[in-house]
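Observations on the three-dimensional arrangement
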Amino acid sequence: MDTMVDPHKEALPSVFFRRSFSFLIDMIGLSIVIYSLKITIGTIIPTLLVSLIGVILSVLYFSFLECSTKQGTFGKMITGLIVSDINGHRISFKKSLIRTIIKIVHILLVCTIIGWIFGMMKRGLIDRRVMDLINILPLSTLFISILLTKKKQSLHDIIVKTVVSRKTDRFS
């Protein structure tokens, strides 16, 4: 059974910190699983393949749980959040998968940019203070839209037309 958000009310958007904390919980859990894989099978298969398995596990984790009847990952369940479409209904697996892929590609791009900037700093091409300022910009793209949009949507939410809201009782 879906947990629906009343589309006629203000979308009951999640608080920024609640959403950030739920993501942190998910990342800690996934990191433990991926690190355990690296320890156990990392000596048998190349590190790059273990990383690829980690990305695939992350995609499956977010995609399956966010379209499930719980409508959220373990982090979202702990913080009382759900993922729904903009009409308040549970999302399909396809929509959840697209949402997750966009989110992970966004994160990987941000990490690549930060790595590139850090490399420039190590080579002495930019000052540490400038690097700190520049690092804030790509990282903020993950969160700034949550702070600025009416329905508190991140980029991946806007693209696939989903919202992350506090879990509420079903309505008639």
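Right above here is the structure, for reference.
Rules behind the numbers
Within any chain, residue numbers begin from 1 and follow the written order of that chain's sequence. Side-chain atom pairs in this predicted model are given and counted only at pLDDT of 80 or more, local residue features only at pLDDT of at least 70, and totals for whole chains, interfaces and linings cover all residues. The side-chain quantities take in all heavy atoms of the structure and omit both hydrogens and water. Going along the chain from the N terminus, every DSSP run of H or I of four or more residues is numbered as a helix, and every run of E of two or more is numbered as a strand. Working definition: with a 1.4 Å probe on protein chains only, accessible area under 20% of the residue-type maximum means buried, over 50% means exposed, and in between means partly exposed. Here a residue-residue contact requires only that any non-hydrogen atoms of the pair lie within 4.5 Å. Surface accessibility follows the Shrake-Rupley procedure with a 1.4 Å probe radius. Residue values consider only the protein chains on display as shielding. Helix axes use the C-alpha atoms of the stretch in contact, all axes being lines fitted to C-alpha atoms, and the angles between their N-to-C directions lie in the range 0 to 180 degrees. By definition, turning the near helix anticlockwise from the far helix through less than a right angle yields a left-handed crossing, and turning it clockwise yields a right-handed one. Residues are grouped as follows: nonpolar covers Ala, Val, Leu, Ile, Met, Phe, Trp, Tyr, Cys and Pro; charged covers Asp, Glu, Lys and Arg; every other residue, Gly included, is treated as polar. Paired rings are identified among Phe, Tyr and Trp, the last through its six-membered ring, by centres lying within 6.5 Å, and are further divided according to the angle between planes into stacked (under 30 degrees), edge-to-face (over 60) and tilted (the rest). By this rule, a helix spans an expected 1.5 Å times one less than how many residues it contains. Strands were regarded as paired on the criterion that DSSP finds at least two bridges between them. Patches in this entry comprise residues that are over 30% relatively accessible and not in a salt bridge; like charges within 9 Å are linked, as are nonpolar side chains (Val, Leu, Ile, Met, Phe, Trp, Tyr) within 5 Å. Salt bridges are counted wherever a side-chain nitrogen of Lys or Arg sits within 4 Å of a carboxyl oxygen of Asp or Glu.

On to the overall build of the protein, then. The helix and strand tally for the protein stands at 6 helices and 2 strands. Burial statistics for the protein: of 172 residues in total, 36% are counted as buried. Restricting the contact set of the protein to residue pairs at least 6 apart, pairs at least 24 apart contribute 70%. For the protein, the computed accessible surface area is about 10300 Å², with 72% contributed by carbon and sulfur atoms.

What follows is about the packing of helix α1 (residues 16-41) against helix α2 (residues 47-66). It is the contact of α1 with α2, at a shortest axis distance of 10 Å, that shows an interaxial angle of 145°. The handedness of the crossing between α1 and α2 comes out as right-handed. Contact with α1, carried on its side by F23, D26, M27, L30, V33, I34, L37, K38 and I41, involves T47, V50, I53, G54, L57, S58, Y61 and F62 of α2 and no other residues of that element. Partitioning the contact of α1 with α2 into residue classes produces 12 nonpolar, 3 polar and 2 charged.

Tallied over the full model, the rule gives 4 aromatic pairs. Ring centres 6.5 Å apart and planes at 25° place the aromatic pair F23 and F62 in the stacked group. Placement of the pair is F23 in helix α1 and F62 in helix α2, with a sequence separation of 39 residues. Geometrically, the ring pair formed by Y61 and F74 is tilted, given 6.1 Å between the ring centres and 40° between the ring planes. A residue pair is termed long-range when its members are at least 10 positions apart, and Y61 in helix α2 and F74 in helix α3 (residues 74-79) qualify at 13 residues.

Before going further, it helps to examine α1. Side chains of residues three or four places apart in an α-helix project in the same direction, reflecting 3.6 residues per turn. Its 26 residues place the ends of α1 37 Å apart at the C-alpha level, agreeing with the 38 Å of an ideal helix rising 1.5 Å per residue. Taken residue by residue, α1 has F16, R19, S22, D26 and L30 as its buried positions.

All right, on to the environment of F62 then. With relative accessibility at 2%, the residue F62 sits in the buried group. The sequence separation of F62 and S96 amounts to 34 residues, and the corresponding C-alpha distance is 7.6 Å. Setting aside its immediate chain neighbours within four residues, F62 contacts F23, D26, M27, L30, T73, S96, T100 and K103.

Within strand β1 (residues 81-85), 5 of the 5 residues are buried, leaving the element largely enclosed by the surrounding structure. Burial of β1 is two-sided: the residues L81, V83 and D85 facing one way and the residues I82 and S84 facing the other way are all buried. Two strands pair when backbone bridges link them, and β1 and strand β2 (residues 162-166) are joined in this way by 5 bridges, in the antiparallel orientation. Along β2, the bridge assignment pairs D85 with T162.

With that settled, consider a nonpolar patch on the surface. On the surface, a cluster of nonpolar side chains totalling about 530 Å² of accessible area is made up of L49, L52, I56, L60, F64 and F93. The element best represented in the nonpolar patch is α2, accounting for 5 residues. For I56, a relative accessible area of 45% corresponds to the partly exposed category.

Okay, the pattern of salt bridges next. Taken as a whole, this structure holds 5 salt bridges when the rule is applied. The residue R19 makes a salt bridge to D157 at a minimum N-O spacing of 2.3 Å. Note that R19 is positioned in helix α1 and D157 in helix α6 (residues 155-160), a separation of 138 residues in sequence. On the basis of relative accessible area, R19 is assigned to the buried category, the value being 8%. Exposure remark for D157: the relative accessible area of 0% places this residue in the buried category. Members of the salt-bridge network, linked through shared partners, are R19, E66, K76, R99, K103 and D157.

None of the figures reported here should be taken as evidence of function without further support.
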